[in-house]
Amino acid sequence: MVDTIVSMEDLHIAVEFDEHAIRALHSAVSMTLEKWTGQGEVDQEELFKLKTFLQGAIFEFELNRSLN
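Residues numbered from 1 in each chain as written. Predicted model: local features only at pLDDT ≥ 70, side-chain atom pairs only at ≥ 80, totals over all residues. Heavy atoms only, no water.

Caption draft 1: Representation of the nonpolar core in the model. Membership of the largest hydrophobic core is limited to seven residues, which are Ile-22, Val-29, Leu-33, Leu-47, Leu-54, Ala-57 and Ile-58. Among the elements of the structure, helix H1 (19–34) and helix H2 (44–67) are those that each provide at least two residues to this core. With four residues, the top contributor of residues to this core is H2. (Core = buried A, V, L, I, M, F, W, Y, C linked by side-chain atoms within 4.5 Å. Buried < 20%, exposed > 50% of the residue type's maximum accessible area, 1.4 Å probe, protein only. Helix = DSSP H or I, 4+ residues; strand = E, 2+ residues; numbered from the N terminus.)

Caption draft 2: View of the pattern of salt bridges. Counted by the stated rule, this structure contains four salt bridges. In this structure, Glu-19 engages Arg-23 in a salt bridge whose closest nitrogen and oxygen atoms are separated by 3.0 Å. Remark: Arg-23 and Glu-19 occur in helix H1; sequence separation between them is four residues, near one turn of the helix. On the basis of relative accessibility, which here comes to 32%, the residue Arg-23 falls in the partly exposed class. (Salt bridge = Lys/Arg side-chain N within 4 Å of Asp/Glu carboxyl O.)

This is the structure:
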């Protein structure tokens with residue numbers, strides 16, 4: 001599911017991912033940070049925030065699994 005929220009200041013897109021997709025994204029972000037060369041237009045700080053968010057989502061999946 002993709003939900004687009006548009007305001008006068010920023011464009012925000014909300015999406016839903018399953019556990020497999022979250023784990024794949026976390027791996028990709030982690031690898032990007034490990035190989036970071038400091039070049040390009042990618043904001044390293046945003047990658048750190050995204051990695052933390054994705055790790056939290058993985059913990060949520062694991063907690064939900066342990067409660068069931």
